[in-house]
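Remarks on the overall topology
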Amino acid sequence: MEIYFDNAATTRPCAEAVAAITKTLTETYGNPSSLHGVGLAAQLVMDDARKTIAGAIGASSEEILFTSGATESSATALIGIARTYGRHNRRIITTTVEHASVRETCNHLEEEGFEVVRIRPREDGKFDPADFVSAVNDKACLLTMMLVNNETGTILPVAQVFRAVKRINPKIITHCDAVQGFLKLPLRVSELQADLISLSGHKIYAAKGVGALYIRKGVRIRPLLFGGKQEKGLRPGTESVPLIAGMGAAVKTFQPTITERSKAVSELKAHLLERLTSLDEITVHSPADALPYIVNFSVAGIRSEIMLHFLEERGISVSSGSACSKGAASGVLGEFGVKPALVDSALRISFCHENTKEELDILTESIRIGQNTLLRSK
Ligand code: PLP
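Residues numbered from 1 in each chain as written. Predicted model: local features only at pLDDT ≥ 70, side-chain atom pairs only at ≥ 80, totals over all residues. Heavy atoms only, no water.

Re the sheet that holds strand β12 (residues 319–320)
Within a sheet, adjacent strands bond to each other through the backbone by hydrogen bonds, running parallel or antiparallel. We apply this condition: At least two DSSP bridges between two strands are required for those strands to pair. Elements are defined by DSSP. Helices are runs of H or I of four residues or more, strands are runs of E of two residues or more, and each kind is numbered from the N terminus.
Taken in spatial order, the four strands line up as β9-β10-β15-β12 in an open sheet, and their pairing is antiparallel. Each of the sheet's edge strands pairs with one partner strand only, and the pair in question is β9 (282–284) and β12. When β9 meets strand β10 (residues 294–299), the two strands line up antiparallel, connected through three bridges. Residue pairing in the sheet places I282 in a bridge with V299 of β10.

Concerning unusual backbone geometry
We count it as follows: Whether a residue is buried, partly exposed or exposed follows from its accessible area with a 1.4 Å probe, protein chains only, as a fraction of its type maximum: under 20%, in between, or over 50%, in that order.
Residue Q193 is not a glycine yet carries a positive backbone phi of 65 degrees. Position of Q193 relative to the elements: it lies in the loop between α7 (189–192) and β7 (196–200). Even without being glycine, E231 reaches a positive phi, approximately 50 degrees. Mapping E231 onto the fold places it in the loop between β8 (211–215) and α8 (241–254). E231 gets classed as buried once you look at its relative accessible area, which sits at 8%.

Section: the site of the ligand
What counts, and what does not: By convention in these notes, a residue is near a molecule or strand provided one of its non-hydrogen atoms lies within 4 Å of it. By the criterion applied in these results, polar contacts are pairs of N or O atoms within 3.5 Å in which, for protein atoms, one can donate a hydrogen and the other can accept it, and in which residues neighboring in sequence qualify only through two side-chain atoms.
In the region of the ligand, 13 residues are neighbours, and T71, D177, Q180, S200 and K203 sit closest. For the ligand, an oxygen atom lies 2.9 Å from a polar atom in the backbone of A70. T71 has a polar side-chain atom sitting 2.6 Å from an oxygen atom of the ligand.

Focus on a positive patch on the surface
Rules: Residues forming no salt bridge and having over 30% relative accessible area are the ones grouped into patches, like charges within 9 Å of each other and nonpolar side chains (Val, Leu, Ile, Met, Phe, Trp, Tyr) within 5 Å. Note that accessible areas follow from Shrake-Rupley with a 1.4 Å probe, and for residues the cover is restricted to the protein chains shown. Salt bridges, as used here, are contacts in which a Lys or Arg side-chain nitrogen is within 4 Å of a carboxyl oxygen on Asp or Glu. Positive charges come from Lys and Arg alone, negative charges from Asp and Glu alone, with His and the N- and C-terminal ends not counted. Lys charges are placed at NZ, Arg charges at CZ, Asp charges at CG and Glu charges at CD.
Side chains of R83, R87, R220 and R222 sit close together on the surface and give a patch of like positive charge. On the secondary structure map, R83 appears in helix α3 (residues 70–85). Among the residues examined, R83 registers a relative accessible area of 42% and is labelled partly exposed.

Points about the packing of helix α1 (residues 15–27) against α8
How we decide: Orientation is described by axes fitted as lines to C-alpha atoms, over the contacting stretch for helices, and by angles from 0 to 180 degrees between their N-to-C directions. Working rule for angles: under 35 degrees goes down as roughly parallel, over 145 as roughly antiparallel, 65 to 115 as roughly perpendicular, anything else as oblique. Rotating anticlockwise by less than a right angle from the far helix to the near helix defines a left-handed crossing, while the corresponding clockwise rotation defines a right-handed one. Residue contacts are counted whenever heavy atoms from the two residues lie within 4.5 Å of one another. Just so you know the grouping, Ala, Val, Leu, Ile, Met, Phe, Trp, Tyr, Cys and Pro go in nonpolar, Asp, Glu, Lys and Arg go in charged, and all remaining residues, Gly too, go in polar.
Interhelical geometry of α1 versus α8 gives an angle of 150 degrees and a closest axis separation of 7 Å. Taken together, the axes of α1 and α8 are roughly antiparallel relative to one another. Considering the relative orientation of α1 and α8, their crossing is right-handed. Each of E16, A17, A20, I21, T24 and L25 in α1 lies in contact with α8, whose residues at this interface are V241, P242, L243, A245, G246, A249, A250 and T253. Looking at side-chain class alone, the contact of α1 with α8 contains ten nonpolar, three polar and one charged residues.

Points about the nonpolar core
Applicable threshold: Buried residues of nine kinds, namely Ala, Val, Leu, Ile, Met, Phe, Trp, Tyr and Cys, make up a nonpolar core once their side-chain atoms join them within 4.5 Å.
Ranked by internal contacts, the top residues of the largest apolar core, which has 86 residues, are I93 and L363. Residues contacting L363, with those up to four places away along its chain left out, are F5, L272, L311, I316, V318 and I349. Within the second largest apolar cluster, 22 residues are counted, among which are I79, A82, F114 and I221.

A closer look at the packing of aromatic side chains
Basically, it comes down to this: For Phe, Tyr and Trp, where Trp contributes only its six-membered ring, two rings pair if their centres lie within 6.5 Å, and the inter-plane angle classes them as stacked under 30 degrees, edge-to-face over 60, or tilted in between.
Scanning the model with the defined rule gives three aromatic pairs in all. Note on F5 and F351: the rings are 6.0 Å apart at their centroids and 85 degrees apart in plane angle, and the pair reads as edge-to-face. Residue F5 is located in the loop between β1 (3–4) and α1, and its partner F351 is located in the loop between β15 (346–350) and α13 (357–376); the two are separated by 346 residues in the primary sequence. For the pair Y205 and F254, a centre-to-centre distance of 4.6 Å together with 45 degrees between the ring planes defines the contact as tilted.

Structural notes on the pattern of salt bridges
Here the structure, examined in full by the defined rule, presents 18 salt bridges. Two residues, R216 and D195, come together in a salt bridge whose shortest N-O distance is 3.0 Å. Placement of R216 in the loop between β8 and α8 and of D195 in the loop between α7 and β7 is noted, with a sequence separation of 21 residues between them. Bridged by salt links that share partners, the residues R122, D128 and D131 form one connected network.

Description of the environment of K126
With respect to the element layout, K126 can be found in the loop between β4 (115–119) and α5 (129–135). Sequence separation between K126 and A341 is 215 residues; the distance between their C-alpha atoms is 21 Å. Beyond its immediate sequence surroundings of up to four residues, K126 is in contact with P121 and D289. There is a polar contact of 3.3 Å between the side chain of K126 and the side chain of D289.

Topic: the sheet that holds strand β5 (residues 140–144)
The seven strands are arranged β2-β8-β7-β6-β5-β3-β4 in an open sheet whose pairing can be described as mixed. Because the sheet does not close on itself, it has two edges, and the strands there are β2 (64–67) and β4. Direction aside, the axes of adjacent strands within the sheet are offset by 20 degrees on average. Direction of pairing for strand β6 (residues 173–177) relative to β7: parallel, over a ladder of three bridges. Opposite H175, over in β7, you have L196 as the bridge partner. The sheet contacts of helix α2 (residues 37–56) involve β2 and β7, and relative to β2 the element is tilted by about 115 degrees. Of the strands in this sheet, β2, β5, β6, β7 and β8 touch α3, which is tilted by about 160 degrees from β7.

Right under this line is the structure:
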């Protein structure tokens, strides 16, 4: 038995993505830059995926750049913007709850001499657009803010914040890491007011190693890599056509079902919360209005890794609630007001539409048994 509740870490590629990848690997193996028919066929596969992904966010094909994943998309966006617009305007505004890919890139830019202003959630765990507005001045070149937090599922008020800061400084470039929201929430570039958006393939039932960056028409950006003219010279190197085709296929498959999947997953979340309330010593950290796909909670007195391994022995994959990198917690849960004692015992359950209530019953029953055995053996 395998029960997989770690879809925020990665998803199982869907049949459509696997088929598209295999077909492209075996049949459309040309180099899209080649001028002959074999190359052109690969170019057409890529064009189709680009059009699909652009359409899914209300962008045009020319505004989509393919990358190796969201980490590269965000690095390209942030460093590229800093190099293009940041010569005199050295302020970058971000939040304290970003994924490491954005957080560490901002740290890197800070080391290079940029002034990084990090906005924290208020005591209630919510961001106040006024805090971003006060951080903006005419020296601000970039604001980067995630759409959905990967640890708690908290939805950030990105559109509201981007709109408000652009009113103060229309020149500021806005970037959104939309990885955890893409194909889970309706996403339109016009509504989000984002100049740049990072997307990842493997969180949406496509393969690892592919992602996209939306770059609004007119926004200039200096490349990180130098070489050929692929992707308008912004991302030189032969494109991974098979993985790009897989991402296109996943988007084509799941874009039309955002609402019904969200409904199904909301029912799963409600079921999980109901089961959790029947257990002792559980504190739920994800806010009620979070994206239903992610539920973060603590089982008091049992460290995350201990419970994670206990569940793993029973065939259940979950994640420790505070994303760790080589043993160091990210600190994001603390930023959302979770007490230190509970951070150590946090678990993250992240759904896909294929999970079932029966699986959740097995999970919660296993946690109950875990509490009985692990707490007693302490
Ligand atoms: N941003 C968020 C919010 C994520 O959850 C992740 C993946 O964990 C990433 C960025 C990085 O994505 P990728 O693995 O495609 O580089």
